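Architecture and fold: a report
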Amino acid sequence: MSSTVSDNHKSAQQKVVLIGRPNSGKSLLFNQLTGLQQKVANFPGVTVELKSGKMKDLTIVDFPGTYSLHSFSQDEQVAVDAIYKALDSDETSLIVCVLDASRLERSLVFGLQIQALAKKHNKGFVFVINMIDDALRFGHEIDVQGLSAELGSPVFALSAKTLIGLSEFQQALPDLVEQQTCTPQNVSENHDEVITQSRHLAYKYGMNANVVLKQQNKIDQFLLHNWLGGIAFMAIMFLLFQSIFTWATPLMDAVESGIGILATFVSGALPEGVINDFLNDAIFGGVGSFLVFVPQIMVLTFIIGLLEDSGYLARAALICHKPLSFFGLSGRSFIPYLSGHACAIPAIMAARTIESPRKRLITMMTIPLMSCSARLPVYALLIAVFIPQTQYLGGLVNTQGMVFFGLYMTGIMTALIVSFVMDKMHFADGDKSEMPFILELPSYRLPHWKPLMYRVFNSAKYFIRRAAPVIFMVAVGIWFLGYFPIHEGGLENSYLGHIGHFIEPLFEPLGVDWRYGVAILMSFLAREVFVGTLGTLFGIEGADENIAGLAANIQNDGLTFGAGMGLLIFYVIALQCVATVATIKAETGSQKIAWGLVVGYGALAYLMAFIVNSIF
Amino acid sequence: MKIVLICGQLIMLQNTVWELPTKKSAKIVGLQNGLSVAMSNRLKEMGFCDGETISCLKQCPFNGPKVVELGGAILSIDKEIAQNIKIKM
Ligand SMILES: Nc1nc2c(ncn2[C@@H]2O[C@H](COP(=O)(O)OP(=O)(O)OP(=O)(O)O)[C@@H](O)[C@H]2O)c(=O)[nH]1
Ligand SMILES: [Mg+2]
């Protein structure tokens, strides 16, 4: 009896590790096996950390992609070390090497190296030829048996996307883990021999690459064209930022009126008094005004997801390499910068794929200047207050969308200038090891709809879950301080009013009164709190009326144009996110850098807001 | 192939991928000697091996990266790397 228990215990510990070249589909396979949702995207270097999940009683581990066991940069060394550690570990019982059917030769070079290592460490080993759907599309069937005989290891051909062959592999996995017989036989460790052998095997069993490439090259001829490609790049970026505003507007209006109807209904059903006021001001005014922005987050995630799946991002990185080099960055900084527009935290992690440590550091330090989705509510609110909605070209371009685009550009330009200054100041020059730029361009692919939609809804869930509790607590706190001791005395005579007047001098140079000052200070907890706080404050002031849109309230209140623009600039630059600070600290290993950025960007934001307010 | 006369000695400067014009192909004949071991291993693993055919698909303006096709893959490499891969046109 006791032996069965320990057997079960042992098999729960058994690990199956997925190793392979970047972009070979390891993470998608991992997701299919475990039901988890690791990030999958069509460019090399998506996964930067080990991730494990369960399939029945096996533990599956997804690895960052590596081109080789001969590491080349510091961070590649981390991934390679992880492979060696997995090989040494007793828990690892099977190595799965994922190959790309359409790029067999390249995948095999690394595959054979891993195979040799697996043999040395006496581990079970199996090849998975992924993306078999791509090969089949071009009418190529891979002779799995023949290849398996030549390689001396089991070979499975499958597609993690269309799921062909996946169930066979899934069923075989437990047996492969148990058997020790799949330890490979004839393997060579000589580097040049490995290369010759993989060339030979790819020639014999692989598909003719020209067919695939022809299709790619046609698209590239346009998208990488000297000036057409540049125009296409600009157009894509413009549409990206513009559509966050235009596409989401109808959805936002719908959410807003939904909340309005709910608020009217609830306050009609309840007797007048403190509770009714509380629900109206703090809940519908405070928390509700922030929910309005969920559709924008979803649209942003959708478009970034489309771009990531398409294979275009690697091209964009290439187009940007030269211009970014001028600012002391690399083409590889492009993808972290872009994903920083959704959220800085994964973007800072993604900067690990930048070869040169120095460029990586500069990239990480400037990512917080990308306008992440937490700023969206602030931007959208203030734009709705100050910029009239005018449309041109049949709705394709509108003024509010243009200002939106301008704010994103301001963030990017500031980041480039800061990078340039750091580069010229020879910041972190100790890390002189400049790495050359090699980037493999993936095949263009159509988006994978199901995971994309999942990601879109997940982003909304994450956005709400992260900010809603903070906003709720701040809204409740602000409401109590603002409503008491005597509600009839108005906001000025509340507890909050007294505190507010105390901090007012700090915000006077920016042209805003203490209510905005409180909202700004509160937004150091999370940027969205700015909107929630103002929603609550205006709710208290206009307690008797129906809830009008917050934008309309601010408009009637008479915030000056200059102050509004200053606030916008302030939010573009300021680093107000505890989680980002923690991530920078973890990734750079320096507390000084992380808090230095908070202070530096804070001061710069204040100064710029002051200047803008004085000019307008 | 260029032939240069320096200090009375004949030095042959081999062509490199950097000189390969767009839409032209050539055979790789080796890597420059000065390369670090890690670097030359990596380049070989990425397919820059003797005898492979390499073709240039694009040269980005202002000495930007080159886009090359090699062994069924499309790669983008910058000047530093391109100058270290010797070819025979
Ligand atoms: N057509 C097709 N596409 C696939 C298949 N498997 C993965 N992909 C796509 O290939 C791309 C790369 O997939 P990932 O799972 O992110 O690759 P990865 O090996 O984890 O990459 P890194 O994390 O960078 O090492 C994505 O766009 C996937 O949608 C497949 O079987 N068929
Ligand atoms: Mg991955």
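Every chain's residues receive numbers from 1 upward, in the order its sequence appears when written. Starting at A for chains and at 1 for ligands, labels are handed out in the order in which the entities are written. For a predicted model such as this one, the threshold for reporting local features is a pLDDT of at least 70, and the threshold for listing and counting side-chain atom pairs is 80 or more; totals across whole chains, interfaces and linings nevertheless cover every residue. To get the side-chain values, all heavy atoms of the structure are used, and hydrogens and water are removed first.

1. Digging into the interface of chain B and chain A
Contacts were defined at the residue level, with two residues in contact if any of their heavy atoms lie within 4.5 Å. The partner chain A presents 34 residues to the 34 residues of chain B that form the contact. Carbon and sulfur atoms make up 59% of the surface buried where chain B meets chain A, a total of about 2900 Å² over both sides. The three residues of chain B that bury the most area against chain A are Arg42(B), Glu45(B) and Ile74(B), which together make up 26% of that side's buried surface. The salt bridge definition used is simple: a Lys or Arg side-chain nitrogen within 4 Å of an Asp or Glu carboxyl oxygen. The tally of links between chain B and chain A comes to one salt bridge. The salt bridge involving Glu52(B) is made with Arg199(A); its shortest N-O contact spans 3.3 Å. By the criterion applied in these results, polar contacts are pairs of N or O atoms within 3.5 Å in which, for protein atoms, one can donate a hydrogen and the other can accept it, and in which residues neighboring in sequence qualify only through two side-chain atoms. At the boundary of chain B and chain A, one finds ten residue pairs in polar contact (both at pLDDT 80 or more). Helix and strand definitions follow DSSP, with helices as H or I runs of at least four residues and strands as E runs of at least two, each counted in order from the N terminus. Of all elements in the fold, only helix H1 (37-45), strand S4 (53-59), strand S5 (66-70), strand S6 (73-77) and helix H2 (79-82) of chain B reach the threshold of two or more residues within the side of chain B that touches chain A. At seven residues, H1(B) tops the list of elements feeding residues into the side of chain B that touches chain A. Two parts placed together each lose some accessible area under a 1.4 Å probe, and adding up what both lose gives the buried area.

2. Re the confidence of the model for chain A
Residue and element names in this part refer to chain A. In the predicted model, chain A carries a mean pLDDT of 85, and the fraction of residues at 70 or more is 92%. Residue-level confidence of the predictor is summarised by pLDDT, bounded by 0 at the bottom and 100 at the top. Low pLDDT, under 50, characterises residues 1-11; the predicted model gives this stretch two contacts beyond four residues in sequence or across chains. A low-confidence stretch, residues 543-547 stays under pLDDT 50, and its non-local contacts, those more than four residues away or across chains, total six contacts.

3. A look at the coordination of the magnesium ion (ligand 2)
Looking at the magnesium ion (ligand 2), the protein donor atoms are Ser27(A) (OG) and Thr47(A) (OG1), and they sit 1.9 to 2.0 Å from it. Of the two residues, Ser27(A) sits in helix H2 (residues 26-34) while Thr47(A) sits in the loop between H2 and strand S2 (51-55), which places them 20 residues apart along the sequence. With water omitted from the atoms examined, metal sites may look incomplete; donors here are N, O and S atoms no farther than 2.8 Å from the metal, or 3.2 Å in the case of Na, K and Ca.

4. Brief notes about the site of ligand 1
All names here are of chain A. Residues are classed as near a molecule or strand on a simple rule: at least one heavy atom within 4 Å of it. Around ligand 1, a shell composed of 24 residues is seen, among which Lys-26, Ser-27, Gly-45, Thr-47 and Asp-133 lie nearest. Within the contact set of ligand 1, an oxygen atom lies 3.0 Å away from a side-chain nitrogen or oxygen of Asn-130. Side-chain polar atom of Asp-133 to a nitrogen atom of ligand 1: 2.7 Å apart, as the coordinates give it. Per-residue and other accessible areas follow the Shrake-Rupley method at a 1.4 Å probe size, with only the shown protein chains counted as cover for residues. Starting from 660 Å² of accessible surface for ligand 1 in isolation, the protein chains cover 99%. Within the residue set of the shell around ligand 1, elements represented by two or more residues are H2 and helix H5 (132-137). If one sorts the elements of the shell around ligand 1 by residue count, H2 sits on top with three residues. For this classification, the nonpolar set comprises Ala, Val, Leu, Ile, Met, Phe, Trp, Tyr, Cys and Pro, the charged set comprises Asp, Glu, Lys and Arg, and every other residue, Gly included, is treated as polar. Classifying every residue of the shell around ligand 1 gives nine nonpolar, ten polar and five charged.

5. Observations regarding the packing of aromatic side chains
How two aromatic rings sit relative to each other is given by the distance of their centres and the angle of their planes. In summary, the pairing rule links any two rings of Phe, Tyr or Trp, Trp by its six-membered ring, whose centres are within 6.5 Å, and it sorts them by plane angle into stacked for under 30 degrees, edge-to-face for over 60 and tilted for everything else. Taken as a whole, this structure holds 18 aromatic pairs over all chains when the rule is applied. Ring geometry for Phe278(A) versus Phe480(A): centroids 6.2 Å apart, planes at 45 degrees, classification tilted. Here Phe278(A) is found in helix H12 (residues 274-291), whereas its partner Phe480(A) is found in helix H20 (residues 449-483), with 202 residues between them in sequence. Exposure categories follow from relative accessible area, calculated using a 1.4 Å probe and restricted to protein chains: below 20% of the type maximum is buried, above 50% is exposed, and the middle band is partly exposed. For Phe480(A), a relative accessible area of 41% gives the class partly exposed. Consider the rings of Tyr379(A) and Tyr408(A), whose centres lie 6.3 Å apart with planes at 85 degrees: the pair is edge-to-face. Placement of the pair is Tyr379(A) in helix H18 (residues 376-386) and Tyr408(A) in helix H19 (residues 399-424), with a sequence separation of 29 residues. A residue is classified by how much of its surface remains accessible, and Tyr408(A), at 1% relative accessible area, is buried. An aromatic cluster of at least three residues, connected via ring pairs, comprises Phe238(A), Phe241(A), Tyr379(A), Phe404(A), Phe405(A) and Tyr408(A). Here, a charge over a ring means that NZ of Lys or CZ of Arg falls within 6 Å of the ring centre while also lying within 35 degrees of the ring normal. The ring of Tyr444(A) has Arg315(A) sitting right over it, with the charged end atom 4.0 Å from the ring centre. Sitting above the plane of the Trp18(B) ring, Lys66(B) keeps its charged end 5.4 Å from the centroid.

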